[in-house]
Amino acid sequence: MADDSEKEKISAVSEEKEEDTSIAVGSKPNSKPGSAKSGAGSKPGTPSKSARTKSPKSGRSDKSGKKSGKKKTASAKTENEDAASQDHDNSNEMAAKIAIFEFPDELPDGASSLFLSSKTQEIFDLGDGNATEHKLVKIREKSAILGDIQKRAAVSDFSPIKKKIIEYPEDYLVIIADLDYKFGENFIIVLSVEAKDILLVAPEVKKEGEEEEELENVVYTYVPPVPKDWVSQGSEKEVKEESLVTNRPLISQSIVRVRRDFGAPITFKDRNVGDAKDAYIECTAYEDPNYDVVKAEQDCAVQAIPETFNVSSQTEWKYPKNANTQYEYRTFTEEQQAQELKKDHLNSFMTEVRPRFEEALQQNEIMNVFYDDWMSLSSDDNTFGNKADSHLKEFQSFTDLLFSKEKTITCIDWHPTIKGLVAVSVAQKLTFDARVDNSNKIIMTPSLVLIWSFVDPIHPLLLLEAPDDIYCFRFCPTEPNYVAGGCLNGQIVMWDLSAHSERLMNQRSNKQEKKKNTLNTLPGYADENPLETPIVRYTAVSSIEYSHKAAITDLLWIPDHMELNRMGVAQESRSGQCVQIMTAAADHSVLVWDTRPASKADQKKGSEHSNMGTTSPLKHLDLNWRPSMKVYLHKSEPGGDHNPTVFSISEVQGDKSVLTRGSEELKESMGTGGHFSTGVPKPSSGKEKRTLTGVNTHFYCGTEDGDIVYLDWMPQKDQDSGKIQTPKPDYYHGMHDGRIVCLQRSPFFRDVVLCVGGWTFSIWKEGLSSGPILKSPTNKKQLTSGFWSPSRPGVFYIAREDGSVDIWDLLEKTHEPSMNQNVSAHPLTCIYPFQITHRQHLLAVGDNSGTLHVMEIPWSLRHPTAGEQQGVQAYLDREVARRNFVVERWKFREEEKREIEAEHKKKMGIAPGVTLTDEEKDMRDKNEYNAFLEEERNFLRLLGILKEEDEVLPET
C-alpha cells in the first residue's frame, strides 16, 4: 500500500509539471467498469477504487467543438509524451480510443502476451524499469520496433514476433501494460486491426441538437498514506529460536613447535615388531550383527576369452643398444605355401633342428622347471646381520664442537692395524678472497687432524697439529705411527705418533687411568688431566721453496716392495718399509718424496736423535725436505699444461707379484742421473738394487678441467731441446664437466679405474685408450667422492652434494644406481669404506659441517654373490669388445671419408696421374672460378662493402 501511494505521488507531481491545469475526464452514472482505469490522462490519485472503475458508456460529451478539441488534444499529448516526439494524425485518432480501453476476460485473436525486459522498457520509454499504473497503454511506431529488432537481433524481446509485426498494416502499434500478469506476461501487444478495435472501444457520436451535460472539472489532491501499527504474528519467536547464541566462553588452544624442527629432514625406516614395546596392534576380525547382509540373489556376467600366460626364460645379458626395425609382414597364398614346403632347405632345416628340439623336451620332462633356485642360493646363515637388510645403518657419528664444528671434512683414513680408529682432516670453508681478508684470524686458528675412537665418540683421541689446513693425509702402511699430510700452502708434513702408541692401543684405559703426557712437557712432569686430548705437533715439514706451488690434493705411500730413483726407475726395496711418498697439486706436477736421509751425515744425525729418545728419526727432514723426482704434466697442444688433482698407479700395497717377474739391467740412456737437473742431492746408489722391469710406470691423473691423463713418469730425452724431461701424455680425454675428485683402482681388477668428477663418473680400463668402458648419465647433483667396495667386485659408492650416497652394482644396473640413501642434510665431501672384520664392514662419510658419519654396510652389500667376480670380468670383456668395435667403425668411417675425398679430387683433376678431357678441364676451371667468386663475396660481405640487393618481385 505504501508503494502504491508513493507511485501515485510521483505521478501526480510529474503531471502537474507537464500541464498547468489538471483536467479530469468525467463519467456518467451508467459508465462501464474499468474504463476510467485505462482512460487517457487519468490521475493516479483517484479517491477510491469505485471511482476509478467508472467510465462513460457512450463516450465523452462534446458540447462545444472548441472545448472538445482541447480535451482531445490534451488527452493525446498525455498518452504520447513518451513516444519518439513524432506528431501524426493517425496517432491522435488512436489516442481518442485509448481513453476508453477495457481489459477483456480473454485476449482476442491478433493480440498476444509479451514479456518486455527493463532494458526494452527503457529504450521505448515504457516505464522506469517497470510498467506503471498511470501509463497502461502506449503507442509506438512500427519502424522503431523493427529498427530495434535489426539492431539487437535475437537479444530484442520483439524478435519472436518479427513476422507478425512486419505484416501489421498500420504504422503504429499499441502496447498495453499488464500489471497484474493477467495473461501471463507484463505486456500485451496488438498485432491486428480487429483486435485493436475490440480492445480500444470507439467513442459514440451524438445526434445533432442533443445536449450533453458538461463534465465537471475534478481536481485531485494527494493524500499521503498513514502508517499503521505493527502487529506481531509470532515470527520474532522463530527468529530468536533459530539464532545462534554463545552460552559459554570460547576455548582457545595454542600449538607450539620447536624452531629447530622446522625444515628438519625426516627419515623413515623399517622397524621390527620385537624392537619396541607396543609396536604391533592386532585388529582381529569379528562378526558384527548390525551389518549382516544376506545376499539373496546375484547377477554375474561371464564372457569367454582366451587364457593368458606369462612365460619367461633365462638368457645371457648383453650390453643394451638402441635399435629399431620397420617391417611389413608377408602373407603367402596357398600356391606359394605349397612351393615353400617342397623346397629342400626347409627339409634340411627341420632335420637339423629336430634332435635339439627333442632333447629340450626330454630335459623338461626330467627336470623340475618350477624349482625355486633363488631359495637355495646363499644358504649360509653364519653371517653377521640380517639378509633382508639392504640399507645403510648409522653406526656412530663424530663431531667436535671446538675443533670441527662449522668446518668441512677434506679427507678420511682408517688406521691400518688398530681396529676402531679413524682419522679426519678439517679445513675452513672459505674462498681464496675470504682467506686473504681473514688471514689474521686463520693464522690464530689451529689446523688439525682429528683421530677418533669408537670408545669415545665425544672427545678425539689425538689431535695432529699442522702449519696449514690439510687437504689429504695417509697413515704409513708399514709404520702406522708415521702420518703424512699435504697442506693448503703446498708443503708436505709428517707426524710421528710413537710417543702416543700406547694411548692408541689402550683406548679404554685412557678414561680410567692417568697417563703421562709426553708432548710439550719436560721429563718428570705428569699430566694433570689425563682426559684432555693431547695435541701432537708435526715432526717435519718440507721446504717451502721446493714444495708445491698449490694445495696438495692427493697423497700416496709408494708400496713397500719398490722405490723410485731420480730417473723414475722402479727398483726393489729391501728394507720392507714404505719410504717414499707421491703427491699431486694443481701446479702441473706430481712429486716423489723420500723420507730416508739423503746423506750419511743426516743418517747418523737421525740415529743419534733416535737413540737419545728426545726427537723422532724424521726430524732431519724438517725444513730441508726436498722431492727426489718431479713429473711435469705437459699438454700436447698449446694453451697451458694439465693441473693434476688426483692420480693412481698400478702397484698396490701387499701385492709383490712383480718381484717374481725377473730383472734386467737398465739401458745406458736411462742410467745417468747427472742429466736430471732438479737441484736435489743424489740418493743412495742403486747399483746393488735389482731393477723391477715388470712395474708399469704409466699412471692416470685427473685434472681440474675434468681431463683424464695417461702418461709415463720416467723422464726421457727431448729430441727438440735435448733435455731430460717428462714425456708428453700418451693420451687424455675431457670426459667430465668438473674437477676430478676421485681416481681409484678396483681392489679386484688392477687395470680398472673409477673416476668421479663434476656431475658424472666413468670407469676406465688400462690399455684401452679410445675412451671409458662405462660413463654414467649426468646427475642432478654434483658428485663429490667415490670408492670401490672392498668385498664385492661390482659394487662402488658415490657421494653426492645433496647429502646422499649412491650405491651402484654393475651386475644389476648400469644406467642408474641400485640404491640411494640420504646420510646428512649437508653436502658430502669424502667417503671411505673399510672392512673391520669378516662380519662387519663400515662406511665412513664426511660432510661439509664437520661431522663424520660411520654407517654399517648391510649383508647384501658386503657378501659377494656366487660367481660375481667372473660376472664382472665377463662384463668388462664385453665392454672392451664394444670399444674395439667402435674404434674399428671410426677407422672405417675415416677410410670411407678419404675415399670420397679422393674420388672428388679425381673428378676435379687434383689427383696425380689423371688425364682430363677438354670438357672436364673447362668444368674444373669453371668450378674453381665460381668458388673464388663465392669466397670473395663472403669476404666483402663480412667487411660491410658488399650490400645485398633486394630481390625483384615477378610482374603479374
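Draft legend 1. Up close: the overall build of the protein chain. Broken down by element type, the protein chain carries 20 helices and 37 strands. Going through the 956 residues of the protein chain one by one, you find that 38% of them count as buried. Across the protein chain, contacts joining residues at least 24 apart in sequence account for 64% of those joining residues at least 6 apart. When the accessible surface of the protein chain is split by element, carbon and sulfur atoms take 51% of a total near 61,600 Å².

Draft legend 2. Spatial organisation of the side chain of Asp587. Among the structural elements, Asp587 can be located in the loop between β18 (580-585) and β19 (589-594). Buried within the structure, Asp587 lacks any salt-bridge partner; Lys549 is the closest side chain of opposite charge, at an N-O distance of 5.8 Å. Among the polar contacts made by the side chain of Asp587, one reaches the side chain of Ser589 at a distance of 2.9 Å.

Draft legend 3. Local environment of the pairing of strand β8 (residues 447-453). Most of β8 sits out of view: 7 of its 7 residues are buried. The sheet contact formed by strand β7 (residues 421-427) and β8 spans 5 bridges and is antiparallel. Counterpart to Leu421 in the pairing with β8 is Ser453.

Draft legend 4. A look at the sheet that holds strand β4 (residues 187-190). Judged by pairing direction, the sheet is antiparallel, and its 4 strands sit side by side in the order β1-β4-β3-β2 without closing on themselves. Each end of this open sheet is capped by a strand with a single partner; those strands are β1 (111-114) and β2 (137-141). Each strand axis lies, on average, 30 degrees off the axis of its neighbour in the sheet, ignoring direction. Examined bridge by bridge, β2 and strand β3 (residues 172-177) share 5 bridges and lie antiparallel to one another. Each bridged residue has a counterpart across the sheet, and for Lys138 the counterpart in β3 is Ile175. Lying on the sheet, helix α6 (residues 142-152) is in contact with β2 and β3; it crosses β2 at an angle near 75 degrees.

Draft legend 5. Region of interest: the sheet that holds strand β37 (residues 852-856). Within the open sheet, the 4 strands sit side by side as β5-β37-β36-β35. Their pairing is antiparallel. Pairing within the sheet leaves two strands with one partner each, and these edge strands are β5 (393-398) and β35 (828-835). Adjacent strand axes in the sheet meet at a mean angle of 20 degrees, parallel and antiparallel pairs treated alike. The pairing of strand β36 (residues 841-847) with β37 spans 5 bridges and is antiparallel. Residue pairing for β37: Gly846 is matched across the bridge by Leu852.

Draft legend 6. Spatial organisation of the packing of aromatic side chains. Scanning the entire structure with this criterion turns up 15 aromatic pairs. Ring centres 6.2 Å apart and planes at 75 degrees place the aromatic pair Trp414 and Phe454 in the edge-to-face group. A residue pair is termed long-range when its members are at least 10 positions apart, and Trp414 in strand β6 (residues 408-414) and Phe454 in the loop between β8 and β9 (462-466) qualify at 40 residues. Between Phe699 and Trp713, the aromatic rings sit 5.9 Å apart at their centres with planes inclined by 40 degrees, giving tilted as the arrangement. With Phe699 in strand β22 (residues 698-703) and Trp713 in the loop between β23 (707-712) and β24 (716-717), this pair connects stretches of sequence that are 14 residues apart. When its relative accessible area of 0% is taken as the criterion, Phe699 is described as buried. Above the face of the Phe262 ring, Arg259 is positioned so that its terminal group lies 5.7 Å from the ring centre.

Draft legend 7. Fine view of a negative patch on the surface. On the surface, Glu236, Glu238, Glu241 and Glu242 cluster together to form a negatively charged patch. For Glu236, the location among the structural elements is in helix α9 (residues 235-242).

Draft legend 8. Here's a closer look at the side chain of Ser404. Along the polypeptide, Ser404 turns up in the loop between β5 and β6. By relative accessible area, Ser404 is classed as buried at 2%. Among the polar contacts listed, one links the side chain of Ser404 to the backbone nitrogen of Asp400, at a separation of 2.8 Å. Excluding residues that lie within four positions of it along the chain, Ser404 makes contacts with Thr399, Val426, Leu450, Ser849 and Gly850.

Draft legend 9. Molecular detail of the confidence of the model for the protein chain. Across the protein chain, pLDDT averages 76, with 73% of residues at or above 70. The low-confidence segment residues 379-386 (pLDDT under 50) makes 12 contacts with residues lying over four places distant or belonging to another chain. Considering only residues more than four positions removed or in separate chains, one finds that residues 610-614, a stretch of pLDDT under 50, has 3 contacts.

Draft legend 10. Representation of the environment of Ala585. Locating Ala585 in the fold gives a position in strand β18. With a relative accessible area of 0%, Ala585 lands in the buried category. On a C-alpha basis, the gap between Ala585 and Gly486 in space is 9.3 Å, while along the polypeptide they are 99 residues apart. What Ala585 contacts, discounting residues up to four positions off in sequence, is His548, Ala550, Ala551, Ile552, Thr553 and Pro644.

Draft legend 11. Spatial organisation of α6. Buried within α6 we find Lys142, Ile145, Asp148, Ile149 and Arg152. Buried residues of α6 fall within an arc of 125 degrees about the axis and therefore sit on the same side. When the buried face of α6 is taken as reference, the exposed residues oriented beyond 90 degrees from it are Gln150 and Lys151. On its buried face, α6 sits against α5 (118-123), β2, α7 (162-167) and β3.

Draft legend 12. Focus on the nonpolar core. In terms of nonpolar packing, the biggest core is built from 36 residues, with Ile412, Trp414, Tyr797 and Leu852 touching the most fellow members. If we skip the residues at most four places from it in the chain, Leu852 touches Gln396, Ser397, Phe398, Ile409, Ile412, Val422, Val424, Ala844, Val845 and Gly846.

Draft legend 13. Representation of the pattern of salt bridges. Under the criterion given, the structure shown has 23 salt bridges. The closest approach of N and O atoms between Glu170 and Lys196, which form a salt bridge, is 2.7 Å. In this pair, Glu170 sits in the loop between α7 and β3 while Lys196 sits in helix α8 (residues 193-199), placing the two residues 26 residues apart along the sequence. On the basis of relative accessibility, which here comes to 7%, the residue Lys196 falls in the buried class. The residue Arg893 makes a salt bridge to Glu896 at a minimum N-O spacing of 2.9 Å. With a gap of 3 residues between them, Arg893 and Glu896 both fall in helix α19 (residues 868-908), about one helical turn apart. In the salt-bridge network here, residues are joined through shared partners; they are Glu563, Asp594 and Arg596.

The rules we used
- In every chain, residue numbers begin from 1 and rise along the written sequence.
- Restriction of local features to residues with pLDDT of at least 70 applies here, the model being predicted, together with a cutoff of 80 or more for giving and counting side-chain atom pairs; totals for whole chains, interfaces and linings are based on all residues.
- Heavy atoms throughout the structure, all of them, feed into the side-chain values; hydrogens and water do not.
- Runs of E in the DSSP output that reach at least two residues are strands. Runs of H or I that reach at least four are helices, and both are numbered from the N terminus.
- Each residue is placed in one exposure class: buried if its accessible area under a 1.4 Å probe, protein chains only, is under 20% of its type's maximum, exposed if it is over 50%, and partly exposed if it falls in between.
- Throughout, a residue-residue contact means that at least one pair of heavy atoms, one from each residue, lies within 4.5 Å.
- Methods summary: accessible areas were calculated by the Shrake-Rupley approach with a probe of 1.4 Å, and residue burial reflects only the protein chains presented.
- For the purpose of charge, His is not counted, nor are the chain termini; Lys and Arg are scored as positive and Asp and Glu as negative.
- Definition used for salt bridges: Asp or Glu carboxyl oxygen within 4 Å of a side-chain nitrogen of Lys or Arg.
- Whenever two N or O atoms come within 3.5 Å, that pair is a polar contact, provided that in protein one can donate a hydrogen and the other can accept it, and provided that, for residues adjacent in sequence, both atoms are side-chain atoms.
- Paired strands, as defined in this entry, are two strands with at least two bridges between them according to DSSP.
- In this description, a line fitted to the C-alpha atoms serves as the axis of each element, helices being fitted only across the stretch in contact, and the angle between N-to-C directions of two axes falls anywhere from 0 to 180 degrees.
- Pairing of aromatic rings covers Phe, Tyr and the six-membered ring of Trp, with a centre-to-centre limit of 6.5 Å; geometry is then stacked below 30 degrees between planes, edge-to-face above 60, and tilted otherwise.
- For a Lys NZ or an Arg CZ to count as sitting over a ring, it must be within 6 Å of the ring centre and within 35 degrees of the ring normal.
- Like-charged residues are merged into a patch within 9 Å and nonpolar side chains (Val, Leu, Ile, Met, Phe, Trp, Tyr) within 5 Å, provided each residue has over 30% relative accessible area and no salt bridge.
- Charged side chains are reduced to one point each, which is NZ for Lys, CZ for Arg, CG for Asp and CD for Glu.
- One confidence number per residue, pLDDT, is output by the predictor and ranges from 0 to 100.
- The arc in question is the one spanned by the directions pointing from the helix axis to the C-beta atoms.
- Put simply, buried Ala, Val, Leu, Ile, Met, Phe, Trp, Tyr and Cys residues joined by side-chain atoms within 4.5 Å make one nonpolar core.

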